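# A look at the structure
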Amino acid sequence: MRRAAAIAAAILLIGALYLLAGRRAAGEAGLPLDDAWIHARLARSLAQGRGFGFNPGEHSAASSAPLWTLLLAVPAAAGLPFPWAAYLVGIGTTAALAAVAYRLGARVTSDGEAGLLCGLLIVGTHPFPWAGLSGMETNLAATLVLGTILAAFDGRTRASLGFAAAAGMVRPELAALPTFVLVDSLLRMRPFSKAAALGSTLGCAGASFAPFLLDRILTGLWLSGSFQAKVGRHGVLSAVLEGRTDLVPGIVVSNPSLYLVPLLAALLRDNGALLLLAPIGFRRFLERRPGTHLPWMIGLLLPSVMAIAAPFGGPLFHEQRYIAPIVATMVVSGGIGLFALPGRLSGRGIRRATIGVIVALSAWGTWTGMDRYAREVKNITDMQMRIGRWLRERPGGPGTIATNDIGAIGYATEAPILDLTGLASPEIIPYLRPAIPAAAGRGWNGASEAGLLEFLRARKPDYVVLFPSWYPSRFFQDSLGEPIHRVDLGDNLICGDRTMIVYGPDWGAAALGKEATSGD
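Residues numbered from 1 in each chain as written. Predicted model: local features only at pLDDT ≥ 70, side-chain atom pairs only at ≥ 80, totals over all residues. Heavy atoms only, no water.

## A few points about the overall build of the chain
When its secondary structure is counted, the chain shows 21 helices and 5 strands. Taking 520 residues into account, the globule formula puts the C-alpha radius of gyration at 24 Å, and the chain, at 24 Å, falls close to it. If one aligns the C-alpha atoms of the chain with their principal axes, the spans along those axes are about 85 × 55 × 40 Å. Across the 520 residues of the chain, 56% fall into the buried class. When contacts within the chain are restricted to residue pairs at least 6 apart in sequence, those whose partners lie at least 24 apart make up 71%. Positive and negative charge centroids in the chain, built from 45 and 35 side chains respectively, lie 12 Å apart. (Helix = DSSP H or I, 4+ residues; strand = E, 2+ residues; numbered from the N terminus. Rg over C-alpha atoms; globule rule 2.2 N^0.38 Å. Buried < 20%, exposed > 50% of the residue type's maximum accessible area, 1.4 Å probe, protein only. Contact = heavy atoms within 4.5 Å. Lys, Arg positive; Asp, Glu negative; His and termini not counted. Charge placed at Lys NZ, Arg CZ, Asp CG, Glu CD.)

## Concerning the packing of helix H8 (residues 157–168) against helix H10 (residues 194–219)
Running from N to C, H8 and H10 cross one another at 20°; their axes reach a closest spacing of 7 Å. If you check the angle between H8 and H10, you find them roughly parallel. Relative to H10, H8 is oriented so that their crossing is right-handed. Where H8 approaches H10, its residues Thr 157, Leu 161, Ala 165 and Gly 168 are matched on the opposing element by Ser 200, Gly 203, Cys 204, Ala 207, Ala 210 and Pro 211. Residue composition of the contact of H8 with H10, by class: 6 nonpolar, 4 polar and no charged. (Axes fitted to C-alpha atoms, helices over the stretch in contact; angles between N-to-C directions. Parallel < 35°, antiparallel > 145°, perpendicular 65-115°, else oblique. Left-handed = near helix turned anticlockwise from the far one by under 90°. Nonpolar A, V, L, I, M, F, W, Y, C, P; charged D, E, K, R; others polar.)

## Concerning the pattern of salt bridges
Applying the stated criterion across every chain yields a total of 17 salt bridges. With a closest N to O distance of 3.8 Å, Glu 287 and Arg 284 form a salt bridge. Placement of the pair is Glu 287 and Arg 284 together in helix H13 (residues 248–287), with a separation of 3 residues, close to one helical turn. Residue class for Glu 287 comes out partly exposed when judged on its relative accessible area of 42%. A salt bridge links Lys 378 to Asp 382; the nearest nitrogen and oxygen atoms lie 2.7 Å apart. With a gap of 4 residues between them, Lys 378 and Asp 382 both fall in helix H16 (residues 348–392), about one helical turn apart. (Salt bridge = Lys/Arg side-chain N within 4 Å of Asp/Glu carboxyl O.)

## Re the packing of aromatic side chains
Under the counting rule described, the total for this entry stands at 10 aromatic pairs. Measuring from ring centre to ring centre gives 5.1 Å for Trp 84 and Tyr 87, while their planes differ by 90°; the resulting arrangement is edge-to-face. Placement of both Trp 84 and Tyr 87 in helix H4 (residues 84–109) is noted, with a separation of 3 residues, approximately one turn of the helix. For Tyr 87, a relative accessible area of 5% corresponds to the buried category. Considering the side-chain rings of Tyr 431 and Phe 455, the 5.4 Å spacing of their centres and the 65° angle between planes classify their relative orientation as edge-to-face. Taken together, the residues span a long stretch of sequence, with Tyr 431 in helix H18 (residues 429–432) and Phe 455 in helix H19 (residues 449–459) at a distance of 24 residues. Its relative accessible area of 3% is what places Phe 455 among the buried residues. In this structure an aromatic cluster arises from ring pairing among Trp 37, Phe 82 and Tyr 411. (Phe/Tyr/Trp six-rings, centres within 6.5 Å; stacked < 30°, edge-to-face > 60°.)

## Considering helix H15 (residues 324–339)
Relative to the 22 Å expected for 16 residues at 1.5 Å per residue, H15 spans 23 Å between its end C-alpha atoms, a close match to the ideal helical length. Of all 16 residues making up H15, 16 are buried, and the element is well covered by its neighbours. (Expected span 1.5 Å × (residues − 1).)

## Section: the packing of helix H1 (residues 2–26) against helix H5 (residues 112–124)
Each pair of packed helices can be summarised by the angle the axes make with each other and by the distance between the axes. For the pair H1 and H5, the least separation of the axes is 10 Å and the interaxial angle reads 10°. Classified by the interaxial angle, the pair formed by H1 and H5 is roughly parallel. Residues Arg 3, Ala 6, Ile 7, Ala 10, Ile 11 and Ile 14 of H1 lie in contact with H5, whose contacting residues are Gly 112, Glu 113, Leu 116, Gly 119, Leu 120, Val 123 and Gly 124.

## Considerations on helix H14 (residues 294–309)
If you check H14, its first and last C-alpha atoms are just 20 Å apart, much less than what 16 residues at 1.5 Å a residue would give, namely 22 Å. Within H14, the axis deviates most sharply at Leu 301, by approximately 35°, and proline Pro 303 lies no more than four positions further along. All buried positions along H14 are accounted for by Leu 294, Pro 295, Met 297, Ile 298, Gly 299, Leu 302, Pro 303, Ser 304, Met 306 and Ala 307. Where the residues of H14 are buried, they touch helix H7 (138–153), H8, helix H9 (177–188), H13 and H15. (Bend = angle between axes of the 7 residues up to and from the residue.)

## Comments concerning the nonpolar core
Judged by nonpolar contacts, the single largest core of 151 residues is most densely connected at Phe 82, Ile 122 and Leu 456. When residues of this core are assigned to their parent elements, the largest contribution, 11 residues, is made by H13. Dropping the residues within four chain positions of it, Ile 122 is found in contact with Leu 97, Ala 98, Ala 101, Phe 128, Ala 328, Val 331 and Val 332. (Core = buried A, V, L, I, M, F, W, Y, C linked by side-chain atoms within 4.5 Å.)

## Re a nonpolar patch on the surface
A cluster of nonpolar side chains, contributed by Phe 209, Leu 213, Ile 217, Trp 222 and Leu 223, occupies part of the molecular surface with about 480 Å² of accessible area. With respect to the helices and strands, Ile 217 occurs in helix H10. (Patch = residues over 30% accessible without salt bridge, like charges linked within 9 Å, V, L, I, M, F, W, Y side chains within 5 Å. Areas by Shrake-Rupley, 256 points an atom, 1.4 Å probe, with all protein chains shown as cover.)

## Quick word on the layout of surface pockets
Space inside the second largest pocket adds up to approximately 420 Å³. Lining the second largest pocket are 23 residues, and of these Asp 35, Phe 317, His 318, Asp 405 and Trp 470 lie nearest its centre. When residues of the lining of the second largest pocket are traced back to their parent elements, those giving at least two are helix H2 (34–47) and H16. Ranked by the residues each element gives to the lining of the second largest pocket, the list is headed by H2, at 3 residues. Its residues assigned to classes, the lining of the second largest pocket shows 13 nonpolar, 5 polar and 5 charged. (1 Å grid on protein atoms, 1.4 Å probe; cavity = no way out; pocket = protein on both sides within 12 Å on 5 of 7 lines; lining within 4 Å. Points joined across faces, edges and corners; volume = space filled by probe spheres on them.)

## Some remarks on the side chain of Thr 148
Along the chain, Thr 148 falls in helix H7. Non-local contacts of Thr 148, meaning those with residues more than four positions away in its chain, are made with Ser 160, Phe 163, Ala 164, Leu 177, Val 181 and Leu 294.

## Concerning empty space enclosed by the protein
Inspection of the entire model under this criterion finds 4 cavities of 30 Å³ or more. There is about 70 Å³ of room inside the largest cavity. Ile 11, Ile 14, Gly 15, Ile 91, Thr 94, Val 123, Phe 128, Pro 129, Gly 132 and Leu 133 together form the lining of the largest cavity. Every element with two or more residues in the lining of the largest cavity is listed here: H1, H4 and helix H6 (128–132). Its residues assigned to classes, the lining of the largest cavity shows 7 nonpolar, 3 polar and no charged. In terms of lining, the second largest cavity is formed by Thr 125, Leu 267, Asp 270, Asn 271, Leu 274, Leu 275, Val 327, Met 330 and Val 331. Elements represented by at least two residues in the lining of the second largest cavity include exactly H13 and H15. Considering every element that reaches the lining of the second largest cavity, the biggest residue donor is H13, with 5 residues.

## Some points on the side chain of Arg 372
In this structure, Arg 372 sits in helix H16. Classification of Arg 372 by relative accessible area gives buried; the value is 17%. Apart from the residues within four sequence positions on either side, Arg 372 is in contact with His 126, Arg 269, Glu 319 and Leu 493.

Structure (C-alpha cells):
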C-alpha cells in the first residue's frame, strides 16, 4: 500500500509541476502538440454523436491511434472540456503504466523493492512525465507493450497476443508486436507441439489484423491517413506499394544506422545508467521460467523494423513519441538489471548509491523535459490556437479552412477543414504526389506545389493557413493573394516553422490570372 501511495504521489507531483509550468508559460491550460488537438476534435465529435470524423458527416482516418481517441471520448461525453479531458486520461494511463512496470519488476526479480524502483522510474524518466499531460497516446502504448511482456513472461501467450493487438490500435508500428510474441512463444515452447504452434500462429494472425479491422470499422479505410500523408516514400512498405522494389536493398542497408544512432543517443540522454543495465535485465527475463525474449526483441529488433518498414520523424520526433514503448522496455529492464547484478556488486550500500545516481539522472531529464513542455504548450497556444480563435471571430464565420496544421485550428473554429498534408483529406494525396512529378516547386515531404495549387483552386476554401517555408516558391505564395494575418514565434520549439500565415484568396481573380497567363 505504501509503495502504491509513493508511486501515486510521484505521478501527481510531477503532473502538477508540468501543468503549472505549461500554464505559466502559455497563460492558459494547453497541449504541447498540434496532433493532440486532432485527437481532441475527433473525440469531441464522437462524444457529440457525430461519428469518428474530423469534418461533420465525413469518416476520417486522421487518428493513427484510434483506441486512444475512443478513450478520450469518454470524459468528453461526460462534459469535461479539453484539454482537461486529455489530462485526466493521460494521468490515468500513466498510473496504469506505473502499475504494470511495478508488477513486471517485482515479478521478474521476486523483490517488491525492484518493483517500486521500476514504477517510480517509469513515471519519472523522460518522455513519460511529458506524455502524461501531452494529450497523446504515448503512455497508453507503453503500458500495452509492458503488458505484452508481462503476460509472455508468465507464459500466457493468448493474453500477450491480446495486449499486442491492443498496442497496434494505439501505435501503427506496433502491429509488428504480435509477430514478436509468436516468435517468442515458439522459442520457449518445450516440448515443441505442432498444435500449440498452429494455435499461436493463428492467434498472431488475428492480433496483427485487429488494428486494421478497427481502422476499417471506424473510418472505412484499412490504414490510418498518416501512412500516405506523412510516411510518404521513406520506407520499404511505400517502395513496394509503389512498385519501386529496386529501392528496397538501399533502404534495408541505409535506414537502420540512420535511425538506431539517434535512438541510442536518446536513450543515453534519458538515462544512460539504465541503458547500460538493460542487457543484464534482458538476461534476467530469460533466466526465470517461463521467461521471455520480448524485452531484447523490442529493444533491438522493433526499432530496426520501424527504420526499414516505414520511418518518419526519427527517434527524437515529438519528444520520443514513436519510441516510447522501446524506452519503457529499456527503463524497466534497466531497473531489473540493477537487482540482478552479481552478488559482489549488489550490496546494500552499492545498490543505494547506484539507485541514487539512476534517480538523479532521470530527475534531470524530467526537469529539462518540463521546460520543453512549457515552451511547446506556449508555441501551440500562441500560434495555432491563436490563429484558430482569430478565424472563429471573422465576420460571417471562418467558412472552409485549408491548412497544414489541422488540430488546434480545427478544434478552435469547428469549421470544415481541408488538410493540406492529406491526413484528414486523403483526396488531396494524388495532387500532392502526382504520378508524373511536377517539373519545379517541391513542397513539404516531397509535395507538388503545382498539384496543391490545383487542388485549392478546385475546392476554393475561404482561408488558407500554412507555414510558408513548407511551400516556398514565390509563384505558389503569390497565387494565394496578400497575407491577411501572420504569427511569428520568437522561441519556436515544436511548430513546423516559426511563421504561419493566413491568406484570404480571391479564387475568381486567381482563375482570371491563370487564364491570362495561359493565353500569353
